[in-house]
Amino acid sequence: MKAIPDKPTLDGVEARFVEQWEADHTYAFDRTAARADVFSIDTPPPTASGSLHVGHVFSYTHTDTIARFQRMSGKAVFYPMGWDDNGLPTERRVQNYYGITCDPSLPFDPTFEPPAEPSKHAIPVSRPNFVALCERLTQEDEVAYEQLVRQLGISIDWNYQYTTIGANARRVSQRMFLNNLSRGEAYSQEAPTLWDVDFRTAVAQAELEDRDRPGAFHDIAFHAPDGTDVLIATTRPELLASCVAVMIHPEDPRAATLTTLRTPIYGVEVPVIKDELVDREKGTGVVMCCTFGDLTDVTWWRTHNLPTRAIIGRDGLIIREPHDTIAATETAAAAYAEIAGRNVKQAQTRVVEQLRESGELVGEPKPIQHPVKFFEKGDRPLEIVTSRQWYIRNGGRDADLRAALIERGNALAWHPDHMRHRYVNWVGGLNGDWLISRQRYFGVPLPLWYRLDGEGQPDYSAPIVPYSDSLPMDPSSDVPDGFTADQRGKPGGFMGDPDVMDTWATSSLTPQIAGRWGTDDDLFARLFPMHMRPQSHEIIRTWLFATVVRAHFEHDSLPFMNASISGWILDPDRKKMSKSKGNAVTPIDLLQQYGTDAVRYWAASARPGVDTAFDEAQMKVGRKLAVKLLNASKFVLSFGVTHATVDIANVTDPVDRSMLAGLAALIDECTPAFAGFDYARPLERTEAFFWDWCDNYLELVKSRAYGSRGPEAATSAQAGLGIALSVIQRLLAPFMPFATDEVWSWWQPGSVHSQAWPTVSELSAATADADPLVLDMAAEILGHIRRGKTEAKRSMKWAVDSAEVHDTAPRLAAFQQAIHDVSDAGLVATWTCTEISPDQEKIVVHVLAESSNPT
RNA sequence: GGGCGCAUAGCUCAGUUGGUUAGAGCGCUGCCCUUACAAGGCAGAUGUCGUGGGUUCGAAUCCCUCUGCGCCCACCA
């Protein structure tokens, strides 16, 4: 406790309390707490590349208010912090930041230092050098992030911090993968895969997005054996050399007679195949199947067991060496040579010219806008290439598993509830298993080696797995049992799996990573399943679903019991605020300008799950509330109210007891809302109560608290003020941790954040037969007195000789119990109360005369 | 094409299982330096609750239709 300042201020509270909370371990998790007393939070680890933005402030505040409520409600709150530093965003940031690029063929250079300024042309560095720089930069970012999260007053226990590239995360991720492998839930397969030609990696279904791109239908002539032509419409004429069949709907009249066609330019004979997937209304109703133009091609290639004639390489260029079918004829090979080595766009231009020259392009290309699949982080359309990849089953190819995972989603409590539809919708629409391998560098390595046969060819059917006590491991430097290092890459030796796991394959294990599964199973048992998973809705299909999949396999349970889904921040044009759009606001400036509590107020005002406009006006309102709390607290304490003297037994005046009854109703509304993950309602109701309390109750009783009605009446007022102040400060603590701890420190021991959440029962001694109407009537009539003075253009301290009130009997009776305070607050000398029947107009107050004022 | 959400004061939004005269804040207008607070306080004005229909004694609230906006998924020849 310390003295009440003469001039209360919010200046400096953030720095002061951040330090004090740390020193006092205010938010330390009690790991000895029984499972029943724990509330565990599966904190979203933000991507540690760049800077935190106002969206983080928004959603982290939401979770923090819940955490603080649960802590005050007596739970041991497990609130860890993680940083998602592995994966592509980091790689990309490191490339730009240092001006480097990773070339795995280079040897490690222990002396390499990136230039101070990134050079225009990226410097190639080895994989170990690259990873080291990734780690260096993410560590710098994480320090800056931690500072902001602390300044935001997020009540993290910083002893439970993790990164998704750290040793523990790698260990958990690899161990879980090996468990999946041993149970048959993970498998590798050589198959056509969506491929990003810039990042040169496979991508998963969950990371796709459609973008509308201009294209054009080209009508091109295929040749039938009888000399007639069949027109085929395509947007990708450059893939003509990879055509393996022509597809036609079974009910198309042409299907009866057509059996084979020859492709234009190359003259390759391809079969005509009937398939119901063909849309007779689209294009010419006949379509070529290439390996591979889109996912429908892959379907046809599978169902009809078609050959593979790939022409696009992993670098996105047309493969230089033509496949056998093209190479078989000189003219075909010659035509192909003109596109070999070119990119897709150049190849298309050339192929269209060739078709024009040969007269096989019919009419002009018809421009269209059409959706094209992109990697969500990529800039060029995805191609489909065949490669060996690792998958984890997710129900995309197994109806029973899919049903079980949908059932998991339905068993989860969603806040708000309608968010469950996104989950069910997504899982129901899966069309393949989860592709987890990535041909990248900064990630958790797949913990596998492969035996090489006498030819040096790997045996993928029986990977060599490490011992679980040797995790985390890196197969590119670690050597499997029974081999020596010099056998790496040699016939009869071994090779490490070159790939890393997708970042979601690790972040899907945040409950296990944060809970130290496998290394501290006692802790894990107290935490898991987590009580709360906070996250935004656009990653339900990725982070949330993936976490459910992993827990389903490993623990046969949900990973968390409640999913609390936050909305987005919208800019004034109602567009999502995001770093990439360049419309995001820097949170640091806001925190400095309005104060943390004010920014938190804005965030907590938004209903759970609702997209919310960025609104600085709300922050001003929040700041006003924080300042009001300081002033009102100082005023109440100026009556000599102290921690020691506040006693519910002293509350005898009906006005005070009426006020506490209203306060009890407030608690009764806030507590269940908070317990149901709704922070916005408690804030709204508490704020409304508090302003009303200041405007009316405080004004009504201050004269009595000064002693105008004798010592006992003063004691009652002071006790009422003190008790209410304590409750209000605690109710606001989750939202305004700095201002509330400041005012708490003026008169109470310890931090407000370590106090018990207010209960109705702590007030019941004074509220048992209290009537809320007493204070309502007092406030209403005081309002009329004020209005009378305002309309008479008089000051509020203008005295009134007499006032008359017309109202019904019960309301007058309630007013009688407060008449002393209304008289004092309104400076009214005498009252005339007239009873009316309920059907007459109620509350008529006449302010009659004002003779006793100085002139 | 399928799914989800939203539509209430000039603006941002509350409105819980249907129930008196639909609320708050911002903004606006007026008054007041009142014993916490003038970067404040007090008071005031402001609504065909998106459209059309239905259920009901009674609908912002429940049901149906339509319109507009946003998001997710599918389609990608």
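Shown above is the structure to which this text applies.
Residues numbered from 1 in each chain as written. Chains lettered and ligands numbered in written order. Predicted model: local features only at pLDDT ≥ 70, side-chain atom pairs only at ≥ 80, totals over all residues. Heavy atoms only, no water.

### Here's the deal with the sheet that holds strand β25 (residues 560-566)
Phase 1: Strand order across the open sheet formed by three strands is β17-β25-β24, with parallel pairing between neighbours. A strand with exactly one partner marks an edge of an open sheet, and here the two such strands are β17 (413-415) and β24 (530-536). Averaged over all pairs of adjacent strands, the angle between strand axes in this sheet comes to 20 degrees, irrespective of strand direction.
Phase 2: For β24 and β25, the ladder comprises six bridges, and the chain directions are parallel. The residue bridging M530 from the neighbouring strand is F560, located in β25. (Pairing = 2+ DSSP bridges. Helix = DSSP H or I, 4+ residues; strand = E, 2+ residues; numbered from the N terminus. Axes fitted to C-alpha atoms, helices over the stretch in contact; angles between N-to-C directions.)

### Focus on unusual backbone geometry
Phase 1: The omega torsion across T291 and F292 is -5 degrees, close enough to zero to call that bond cis.
Phase 2: Relative to the helices and strands, F292 is located in the loop between β14 (286-290) and α6 (295-303).
Phase 3: Looking along the chain, the bond that leaves H415 and enters P416 is cis, with omega of -5 degrees.
Phase 4: Tracing the backbone shows P416 in the loop between β17 and α11 (420-428).
Phase 5: Even without a glycine there, the phi angle at R200 is positive, about 55 degrees.

### A look at helix α21 (residues 711-732)
Phase 1: For α21, spanning 22 residues, the distance from its first C-alpha to its last is 31 Å, which sits close to the expected 32 Å at 1.5 Å a residue.
Phase 2: Of all 22 residues in α21, 18 are buried; the element is thus mostly enclosed. (Expected span 1.5 Å × (residues − 1). Buried < 20%, exposed > 50% of the residue type's maximum accessible area, 1.4 Å probe, protein only.)

### Brief notes about the protein's contact with RNA strand B
Phase 1: Taken together, 47 residues form the shell around RNA strand B, and within it D279, P371, K373, R541 and D695 come nearest.
Phase 2: Within the contact set of RNA strand B, a sugar or linking oxygen lies 3.1 Å away from a side-chain nitrogen or oxygen of R422.
Phase 3: K624 places a side-chain nitrogen or oxygen 2.9 Å from a phosphate oxygen of RNA strand B.
Phase 4: Elements with a minimum of two residues in the surface near RNA strand B: β9 (208-223), β10 (229-234), β15 (366-375), α11, α18 (616-637), α20 (680-706) and α24 (772-791).
Phase 5: Sort the elements by how many residues they give to the surface near RNA strand B and α20 lands first, with ten residues.
Phase 6: Within the surface near RNA strand B, the residues separate by chemical class into 16 nonpolar, ten polar and 21 charged. (Near = heavy atom within 4 Å. Polar contact = N/O pair within 3.5 Å; in protein donor to acceptor, adjacent residues only side chain to side chain. Nonpolar A, V, L, I, M, F, W, Y, C, P; charged D, E, K, R; others polar.)

### Comments concerning the packing of aromatic side chains
Phase 1: On inspection of all chains with the given rule, the structure shows 32 aromatic pairs.
Phase 2: Relative to F677, the ring of F39 lies with its centre 6.3 Å away and its plane at 35 degrees, an arrangement referred to as tilted. Here F39 is found in strand β1 (residues 38-40), whereas its partner F677 is found in the loop between α19 (654-675) and α20, with 638 residues between them in sequence. Each member of the pair F39 and F677 is classed as buried.
Phase 3: Taken together, a centroid distance of 5.1 Å and an interplanar angle of 85 degrees make the contact between F69 and W757 edge-to-face. With F69 in helix α2 (residues 54-72) and W757 in the loop between α22 (737-745) and α23 (764-767), the pair connects residues that are 688 residues apart, well separated along the chain. Just as F69 is buried, W757 falls in that class too. (Phe/Tyr/Trp six-rings, centres within 6.5 Å; stacked < 30°, edge-to-face > 60°.)

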